[in-house]
Amino acid sequence: DVKVTQSSRYLVKRTGEKVFLECVQDMDHENMFWYRQDPGLGLRLIYFSYDVKMKEKGDIPEGYSVSREKKERFSLILESASTNQTSMYLCASSSGQQETQYFGPGTRLLVL
Amino acid sequence: AQTVTQSQPEMSVQEAETVTLSCTYDTSESDYYLFWYKQPPSRQMILVIRQEAYKQQNATENRFSVNFQKAAKSFSLKISDSQLGDAAMYFCAYGSYNTDKLIFGTGTRLQVFP
């Protein structure tokens, strides 16, 4: 079974803090994704990576950056957290193009 | 650009009954694939079913089946013999062969009553 884990289920941070969300997959998947999920908006893609050190912007990259130094790990970074970044963040991975994405449990981030 | 629309924010069904969740999409591509994902309360999102657009036969997975109408760009999910464990948020998603990105709908929250 594919396992995608995220470092925290719940996180509370203050405005202006630098926030790191970590995602690890154990299936040697090429592709990894970061989404944010908001009520009434569904899932929106922030960034994705198709290889180590490679990244591409998704639909809402503003205010975020990512890092993929190792194949199994994909980090989402909020350089200076703002209240409008309060959301559920979901990580996913897939073995290649057109393949099914497998999701982590999500991190619910509250920025005060 | 492709879009996915789920017009039912909430649905409810009684245990053992059948319910259909709607999804429509817009695309100019002829080859693509579609998913239904399930997100139970406070739990991980999991794949329910996948449909390739080039396949005429509707995908089925146990009690879950789809009604894929390519010309109408419609992709509904039918859940038969509903169970309490089916209560979840359901997301429809579109995948293109030209990119790794998925486009998700806004979701339908399904409640199952005993």
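See the structure printed just above.
Procedures and definitions
- Residues numbered from 1 in each chain as written.
- Chains lettered and ligands numbered in written order.
- Predicted model: local features only at pLDDT ≥ 70, side-chain atom pairs only at ≥ 80, totals over all residues.
- Heavy atoms only, no water.
- Salt bridge = Lys/Arg side-chain N within 4 Å of Asp/Glu carboxyl O.
- Helix = DSSP H or I, 4+ residues; strand = E, 2+ residues; numbered from the N terminus.
- Disulfide = S-S within 2.5 Å.
- Buried < 20%, exposed > 50% of the residue type's maximum accessible area, 1.4 Å probe, protein only.
- Phe/Tyr/Trp six-rings, centres within 6.5 Å; stacked < 30°, edge-to-face > 60°.
- 1 Å grid on protein atoms, 1.4 Å probe; cavity = no way out; pocket = protein on both sides within 12 Å on 5 of 7 lines; lining within 4 Å.
- Points joined across faces, edges and corners; volume = space filled by probe spheres on them.
- Nonpolar A, V, L, I, M, F, W, Y, C, P; charged D, E, K, R; others polar.

Turning our attention to the pattern of salt bridges. Considering all chains together, one arrives at eleven salt bridges over all chains under this definition. The partner of B:Lys73 in a salt bridge is B:Asp26, and the shortest N-O contact between them spans 3.7 Å. Separated by 47 residues along the polypeptide, B:Lys73 in the loop between strand E8 (64-69) and strand E9 (74-79) and B:Asp26 in strand E4 (residues 24-26) bring together distant segments of the chain. What you see here is one network of salt bridges that share partners, running through A:Asp28, A:Glu30 and A:Lys71.

Under the criterion given, the structure shown has two disulfides over all chains. Residue A:Cys23 pairs covalently with A:Cys91 via a disulfide, S to S 1.8 Å. For the disulfide bridge between A:Cys23 and A:Cys91, the dihedral angle about the S-S bond is near -75 degrees, and by the sign convention the bridge is left-handed. Taken together, the residues span a long stretch of sequence, with A:Cys23 in strand E3 (residues 19-25) and A:Cys91 in strand E9 (residues 87-94) at a distance of 68 residues. Pair check on accessibility: A:Cys23 and A:Cys91 agree, each one buried. Disulfide pairing places B:Cys23 opposite B:Cys92 at an S-S distance of 2.0 Å. Its S-S torsion of approximately -70 degrees makes the covalent link between B:Cys23 and B:Cys92 left-handed. Of this pair, B:Cys23 sits in the loop between strand E3 (19-21) and E4 while B:Cys92 sits in strand E10 (residues 88-96), and the two are 69 residues apart along the sequence. Each member of the pair B:Cys23 and B:Cys92 is classed as buried.

Here we take up the packing of aromatic side chains. Within the structure shown, the criterion is met by 17 aromatic pairs over all chains. Taking 5.4 Å as the distance between ring centres and 90 degrees as the angle between the ring planes, the aromatic pair formed by B:Tyr33 and B:Phe35 counts as edge-to-face. Judged by relative accessible area, which is 1%, B:Tyr33 ranks as buried. For B:Phe35, a relative accessible area of 0% corresponds to the buried category. Between the aromatic rings of B:Phe35 and B:Tyr37, the centroid separation amounts to 5.5 Å while the plane-to-plane angle is 45 degrees, which identifies the pairing as tilted. By the ring-pair criterion, three or more aromatic residues cluster together here, those being A:Phe33, A:Tyr35, A:Phe48, A:Phe103, B:Tyr33, B:Phe35, B:Tyr37, B:Phe91, B:Tyr97 and B:Phe104.

With that settled, the discussion passes to the layout of surface pockets. By volume, the largest pocket amounts to about 440 Å³. As for the largest pocket, its lining consists of 21 residues, and the residues nearest its centre are A:Gln37, A:Met88, A:Arg108, B:Gln39 and B:Arg109. Among the elements of the structure, strand E4 (31-38) and E9 of chain A together with E10 of chain B are those that each provide at least two residues to the lining of the largest pocket. For the lining of the largest pocket, the per-class residue count stands at eight nonpolar, eight polar and five charged.

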